Amino acid sequence: MPGCDARNTTSPRFYTEVFPRRTATGEFLAMDSSIFMVFTSADQTLPRDRVLDAAGRERFGRFVTGIPFTKQFVNTVSNYPYPYVINGLLWELPPIIPGDAHGVHAYQAGSPRVVEDWQRALDLVVAKQGLHTICFHPHGYCLPEHPAALVDYADRTYGRRVRFLNCREILDRLTTNLLAGTPLRSATGADNGVRLIDVNGDGFLDVVIGNSHRQITRVWQPAEQRWRETPLPVALVTTEDGARSEPTGVRFFTAAPDGRAGLALATAQGTAVWHFENGRWVEQKGVLPAEADGAPLLTIRDGVDRGVRFRDLDGDGYSDLIVNNDTQNAVFLWNPAAAQWRRASFALPAPGCLVDARGADHGLRRGSRCRRRRRSRALQRARILGTHLRRPGAGLGQPHRGGQGDRSSRAAGDHPEWRVDGGLVSFGRDDPGQRVQREEAGLDRASAVQRALVAVRCATAPGYKICDLRIRMAQ
């Protein structure tokens, strides 16, 4: 994306709403290099003398915080110098930090010090057997001899261990060697039913291919450095050769604490659940709930997403089941003893948080940024996103009430209630021990793109924290 090296310009909406588009003549994109990768000392496998500077500080950390436009450059992933898939359609080739623009802010334009940082980053990429995508500009950020110096260093130091490839060559190798000749996007640019997922929980990504032509699972054998193929019991998409592929409604989930995968499908034609066990998919009988709120529980209906998601809500290592659409709102927790999902006493704040009647994403996202690992749930509707706080054991979407012997109760009384009400965000009541102010956001639609700002100031009880509050620009 433009400005990816100096501004926080990338966003999930770009990859879901802009990137997949095709031109009037049917051309489409297959690869991107807009999300940077930064090495940090959090990866204990990295050589310390490469990831830290002479003073013991993060060698590459200053590039993340040193851009004056952003203060904190968030357009990054860390310690993963490999191609990865975004939105099921896009290969991301993460450029390595620093780009030469980062060097301009940390040093000055044309500084040879950025070449040394490039070389140390290359050392780490080689150690990780990864990909080094270099970002540089031909208009004064670095000198022409700087990229040439990195190429000379790679050849002189690593020889045939390093191969120089262009994007087309990388794409061809990924498609041939990883995906067995089945690209992420079909010839028309549609979703081709290819997914990368660790099906056996061994820490290595495997490949699932499920379309009208092939249904296979490719399981990586690290000791043998080869793939072993086993059938996939169901397709993930159909009609992928047309202008638009049709999803079948398959949902992946974590079937066991050791990370093994499962997949579930619930349609008007029938339901099925499989677990990956002993190198193959094994069907499980009677584990999926038949209904929720008086209607059949379906992952898809007439091609429309019905808001079934799998997330581990209680931290036991098993995926729990959430269904939330325009008419249903329920949570089912996995019961290992009964080997089935059973309805919980709580649900999301309201129907229509995940998808509406048309299956459109309403932006509910899960976060875990609060102090003491207390999880928050952020409800992002078409107009507003607020943060909701929950203590372990309290119902999702339920305000916490301090109980007998609870420290927050002794310190400051009950935790404040919250609600999202049209254009209002309300956080409980004011009291001497816990100041909570209610702010209102005027969300008048003055133009095609509506912008709003909500400010909530809340000094919460000990152990709690409002960790996220954002506004979504609604079209």
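Just so it is clear, the structure is predicted and the values come from calculations on it, not from any experiment.

Enquirer: Go over the packing of aromatic side chains with me, naming the residues and quoting the values.
Expert: Using the criterion set out here, one finds 16 aromatic pairs in the structure. A centroid spacing of 6.1 Å and a plane angle of 80° characterise the contact between F63 and Y107, whose relative ring orientation is edge-to-face. Of this pair, F63 sits in helix α3 (residues 61-65) while Y107 sits in the loop between α4 (100-106) and α5 (113-127), and the two are 44 residues apart along the sequence. Considered together, F63 and Y107 belong to a single accessibility category, that of buried residues. Ring pairing ties together the aromatic residues F253, F310, Y318, W334 and W341, which thus form one cluster.

Enquirer: With reference to specific residues and values, describe the confidence of the model for the chain.
Expert: Do not read the fine detail of predicted coordinates wherever pLDDT is low. Of all residues in the chain, 76% have pLDDT values of 70 or greater, and the mean over the chain is 79. Taken as a whole, residues 368-475 scores under 50 in pLDDT and shows 208 contacts with residues more than four places along the chain or in a different chain.

Enquirer: If you had to explain unusual backbone geometry to someone new, which residues and values would you point to?
Expert: The residue after I97, namely P98, is reached through a cis peptide bond having omega 10°. Mapped onto the secondary structure, P98 falls in the loop between β5 (90-92) and α4. One non-glycine residue with positive phi stands out, namely A180, at about 55°. Inspection of the secondary structure puts A180 in the loop between α7 (167-178) and β6 (194-197).

Enquirer: Describe the nonpolar core, naming the residues involved and giving the relevant values.
Expert: Grouped together as the largest cluster of nonpolar side chains are 31 residues, with contacts concentrated most on F39, F60, I97 and L122. Those elements giving two or more residues to this core turn out to be β2 (36-38), α3, α5 and α6 (145-158). For this core, the element with the most residues is α5, which contributes 8 residues. Residue contacts for L122: discarding those within four places in its chain leaves H132, L150, Y153, A154 and Y158. Membership of the second largest hydrophobic core comes to 18 residues, among which are F253, A255, A330 and W334.

What counts and what doesn't
Residues numbered from 1 in each chain as written. Predicted model: local features only at pLDDT ≥ 70, side-chain atom pairs only at ≥ 80, totals over all residues. Heavy atoms only, no water. Phe/Tyr/Trp six-rings, centres within 6.5 Å; stacked < 30°, edge-to-face > 60°. Helix = DSSP H or I, 4+ residues; strand = E, 2+ residues; numbered from the N terminus. Buried < 20%, exposed > 50% of the residue type's maximum accessible area, 1.4 Å probe, protein only. pLDDT = per-residue confidence, 0-100. Contact = heavy atoms within 4.5 Å. Core = buried A, V, L, I, M, F, W, Y, C linked by side-chain atoms within 4.5 Å.

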